[in-house]
Amino acid sequence: MDMTTRRNLLLAATAIAATAIPLKPRLVQATDAVADFLFVQTAGAMTFDKAASKLTLEGIGTTTLLFSDRPESIAGDMDTKAFVPFWSKGKDSFLSDPPNADLSILEAGKLQQVVVVLENPELNGNDLTYTVKVVGGEMLEKGSGVSVFIDIIGMPLTPLSYAGVGKARIPTGGSLLASA
């Protein structure tokens, strides 16, 4: 399965999930309630510098998909550049509790999955670099057709805030849907 097909499948799954929302969608109002969000990033290729423990996602998608589980059932996307500040200081940030992620790599028609802990993201143009700790699987030095499924972070139930109450705002261009 090539990268384009994989991305199309991921986008189709997201679209299907969005259409499965009950007929009365509503905007999520600002509240103190928190939902656990998971994130998905895609990239055209990846490289891994084992000596430096640096994973570089080359050609990272401009949007990061996000979704929550029941009962909130919220799905949406945000600018990838707005995702990097999740590692800012704060008790609800990835800095205090770095996320696990499943790194899925399609290489030579085979799916390689590696579980990592993501730290210190740096976005440089179309490349996103993380310092990683490999916790499961064997990391390839390079690969293509990359998807990163990132563990949860608690976020307020509002489409405008992220990484805890009092944090910065998601830039316009991001979108969220919620079920009634």
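Moving on: the confidence of the model for the chain. Predicted coordinates in areas of low pLDDT are best not read in detail. Summary statistics for the chain give a mean pLDDT of 75 and a share of 64% for residues scoring 70 or more. Counted against residues more than four places away or in other chains, residues 3-30, with its pLDDT under 50, gives 37 contacts. Scored below 50 in pLDDT, residues 156-180 makes 82 contacts in the model with residues more than four places away or belonging to other chains.

What follows deals with the packing of aromatic side chains. Tallied over the full model, the rule gives nine aromatic pairs. Considering the side-chain rings of phenylalanine 39 and phenylalanine 86, the 5.3 Å spacing of their centres and the 65° angle between planes classify their relative orientation as edge-to-face. Taken as a pair, phenylalanine 39 in strand β1 (residues 34-49) and phenylalanine 86 in the loop between α2 (80-83) and β5 (100-107) lie far apart in primary sequence, 47 residues in all. Each member of the pair, phenylalanine 39 together with phenylalanine 86, is buried. Taking the centre distance of 5.8 Å and the plane angle of 55° together, the rings of tryptophan 87 and tyrosine 130 count as tilted. You can see tryptophan 87 sitting in the loop between α2 and β5 and its partner tyrosine 130 sitting in strand β7 (residues 127-136), a full 43 residues away along the chain. When its relative accessible area of 10% is taken as the criterion, tryptophan 87 is described as buried. Taking the relative accessible area as the measure of exposure, tyrosine 130 reaches 0% and is therefore buried.

Along the chain, threonine 80 turns up in helix α2. For the pair formed by threonine 80 and glycine 61, sequence separation is 19 residues and the distance between their alpha carbons is 7.2 Å. Not counting residues within four places of it along the chain, the set of residues in contact with threonine 80 comprises Gln41, Ile60, Gly61, Thr62, Thr63, Thr64 and Leu128. In terms of polar contacts, threonine 80 uses its side chain to reach the backbone carbonyl oxygen of glycine 61, at 2.8 Å.

In terms of nonpolar packing, the biggest core is built from 31 residues, with Phe39, Leu57, Phe83, Leu103, Leu118, Tyr130 and Ile150 touching the most fellow members. Among the elements of the structure, β1, β2 (54-60), α2, β5, β6 (110-124), β7 and β8 (142-156) are those that each provide at least two residues to this core. With six residues, β1 is the single largest residue contributor to this core.

Next up on the list: the pattern of salt bridges. Applying the stated criterion across every chain yields a total of one salt bridge. Notably, a salt bridge pairs lysine 133 with glutamate 119, separated by 3.9 Å at the nearest N-O pair. You can see lysine 133 sitting in strand β7 and its partner glutamate 119 sitting in strand β6, a full 14 residues away along the chain.

Burial analysis of strand β4 (residues 75-79) places five of its five residues in the buried class, which makes it a mostly covered element. Bridge analysis of strand β3 (residues 63-68) against β4 gives five bridges, and the strand direction is antiparallel. When the bridges of β4 are listed, phenylalanine 67 appears paired with alanine 75.

About the cut-offs
Residues take numbers from 1 onward in each chain, read along the sequence in its written order. Where local features are concerned, this predicted model is filtered to residues with pLDDT of at least 70; where side-chain atom pairs are given and counted, the filter is 80 or more; whole-chain, interface and lining totals use all residues. Only heavy atoms go into the side-chain values, all of them from the structure, while hydrogens and water stay out. Scored between 0 and 100, pLDDT is the confidence that the predictor attaches to each residue. Between two residues, a contact is recorded if the distance between any of their heavy atoms is within 4.5 Å. Ring geometry is summarised as follows: Phe, Tyr and Trp rings, the Trp one being its six-membered ring, pair when their centres sit within 6.5 Å, and such pairs are stacked at plane angles under 30 degrees, edge-to-face over 60 and tilted between the two. Numbering of helices and strands runs from the N terminus, with a helix taken as a DSSP run of H or I at least four residues long and a strand as a DSSP run of E at least two residues long. Here the term buried applies to any residue with accessible area under 20% of the maximum for its type, exposed to any over 50%, and partly exposed to those in between, with areas from a 1.4 Å probe on protein chains only. We call two N or O atoms a polar contact when they sit within 3.5 Å, provided that within protein one can donate a hydrogen and the other can accept it, with sequence-adjacent residues counted only if both atoms are side-chain atoms. For this analysis, a nonpolar core means a set of buried residues of the types Ala, Val, Leu, Ile, Met, Phe, Trp, Tyr and Cys, connected via side-chain atoms within 4.5 Å. Salt bridges are identified by distance alone: a Lys or Arg side-chain nitrogen within 4 Å of an Asp or Glu carboxyl oxygen. Strands qualify as paired when DSSP identifies two bridges or more between them.

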